[in-house]
Amino acid sequence: QVQFVESGGGLVQPGGSLRLSCAASGGMFNSYHMGWYRQAPGKQRELVASITRGSTTYVDSVKGRFTISNDNAKRALYLQMNSLKPEDTAVYYCNAQIAVGGPLGSWGQGTQVTVSP
C-alpha cells in the first residue's frame, strides 16, 4: 500500500514562500493523476493543483502563485507556493491515483501551512 508523506509546511508571513514536498513509498501508484489538496478547519478538502496526464491545473485562487511539479524517478511531488496569503492557511496533502480510473491513495497526515503576520 502506497503511503504519502508531506513535508515543508510551516509558519510564514503574508507574501512569503514555502516549498512543499511529497514522498511516496511502500507501494505503487499511477501517475495519471497526482495532486496537492488542502483543508482548512470547517471547510471541505479542495484540490489545489494537479498534474493529470502531464497537464497542470490550478484552482483559481492560487493561479500565478503556486507551481506543481513532480519527479517520477524519485516518486516525489512538489508544490512551490509564492505570495502566500492568510487564506492559504490549511493542512496540505498530496495524493495520487493508485490505479488507472481508481481511487486516490490513503490520506497522510499532511503538512500544516500557516500564513500569519
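Anything mentioned here points back to the structure above.
Asker: Help me understand the nonpolar core, please; the structure alone is not making it clear to me.
Answerer: A general tendency of soluble globular proteins is for nonpolar side chains to be buried together. Counting residues in hydrophobic clusters, the biggest one holds 28 residues, and the most contacted among them are Trp36, Phe66, Leu79, Met81 and Tyr92. Within the residue set of this core, elements represented by two or more residues are β3 (18–25), β4 (33–39), β5 (46–52), β7 (66–71), β8 (76–81), β9 (90–96) and β10 (111–115).

Asker: It is not clear to me how the sheet that holds β7 should be interpreted in this structure. Could you clarify?
Answerer: The strands making up a sheet are joined through hydrogen bonds of the backbone, oriented either antiparallel or parallel. If you walk across this open sheet you meet the four strands as β1-β3-β8-β7, and the pairing is antiparallel. Each edge of the open sheet carries a strand with a single partner, namely β1 (3–7) and β7. On average, each strand axis in the sheet is tilted by 15° relative to the strand beside it, whichever way the strands run. Strand direction decides the pairing type here: β1 and β3, joined by five bridges, are antiparallel. Looking across to β3, one finds that Gln3 is bridged to Ser25.

Asker: Could you clarify how one ought to interpret the environment of Pro41 in this entry?
Answerer: Here Pro41 lies in the loop between β4 and β5. It is 17 Å that separates the C-alpha atoms of Pro41 and Gly108, two residues lying 67 residues apart in sequence.

Asker: Is there a simple way to explain the sheet that holds β9 in this structure?
Answerer: Strand order in the open sheet made by the six strands is β2-β10-β9-β4-β5-β6, with mixed pairing throughout. Lying at the two open borders of the sheet, with one neighbouring strand each, are β2 (10–12) and β6 (55–58). Here the strands of the sheet are splayed against their neighbours by 20° on average, with no regard to which way each runs. In this structure, β5 lies alongside β6, joined through four bridges in antiparallel fashion. Pairing of Ala49 across the sheet is with Tyr58, part of β6.

Asker: Looking at this model, I keep getting lost on the side chain of Asp88. Mind explaining?
Answerer: Relative to the elements of secondary structure, Asp88 occurs in the loop between β8 and β9. Ignoring any residue separated from it by four or fewer positions in sequence, one finds Asp88 in contact with Arg38, Val62, Arg65, Phe66, Ser83, Val113 and Val115.

Asker: Would you mind going over unusual backbone geometry with me for this structure?
Answerer: With phi around 50°, Arg53 is a residue other than glycine that occupies positive phi space. Mapped onto the fold, Arg53 is located in the loop between β5 and β6. In this structure Arg53 comes out as exposed when scored by relative accessible area, which is 69%.

Asker: When you look at the packing of aromatic side chains in this model, what are you seeing that I'm missing?
Answerer: Centre distance and the angle of the planes are the two values used to describe a pair of aromatic rings. A full pass over the atoms with the stated rule returns three aromatic pairs. Taking 5.1 Å as the distance between ring centres and 85° as the angle between the ring planes, the aromatic pair formed by Tyr37 and Trp107 counts as edge-to-face. Within this pair, whereas Tyr37 is found in strand β4, its partner Trp107 is found in the loop between β9 and β10, the two being separated by 70 residues in sequence. Classification of Tyr37 by relative accessible area gives buried; the value is 9%. Judged by its relative accessible area of 34%, Trp107 is partly exposed. With a centroid separation of 5.8 Å and 75° between ring planes, the pair formed by Tyr93 and Trp107 is classed as edge-to-face. Of the two residues, Tyr93 is situated in strand β9 and Trp107 in the loop between β9 and β10; the sequence distance between them amounts to 14 residues. A relative accessible area of 11% places Tyr93 in the buried class. Ring pairing ties together the aromatic residues Tyr37, Tyr93 and Trp107, which thus form one cluster. One Lys or Arg, Arg45, reaches over the ring of Tyr93 and ends 4.8 Å from the middle of that ring. The ring of Trp107 has Arg45 sitting right over it, with the charged end atom 3.7 Å from the ring centre.

Reading guide: rules and limits
Residues numbered from 1 in each chain as written. Predicted model: local features only at pLDDT ≥ 70, side-chain atom pairs only at ≥ 80, totals over all residues. Heavy atoms only, no water. Core = buried A, V, L, I, M, F, W, Y, C linked by side-chain atoms within 4.5 Å. Buried < 20%, exposed > 50% of the residue type's maximum accessible area, 1.4 Å probe, protein only. Helix = DSSP H or I, 4+ residues; strand = E, 2+ residues; numbered from the N terminus. Pairing = 2+ DSSP bridges. Axes fitted to C-alpha atoms, helices over the stretch in contact; angles between N-to-C directions. Contact = heavy atoms within 4.5 Å. Phe/Tyr/Trp six-rings, centres within 6.5 Å; stacked < 30°, edge-to-face > 60°. Lys NZ or Arg CZ within 6 Å of the ring centre and 35° of its normal.

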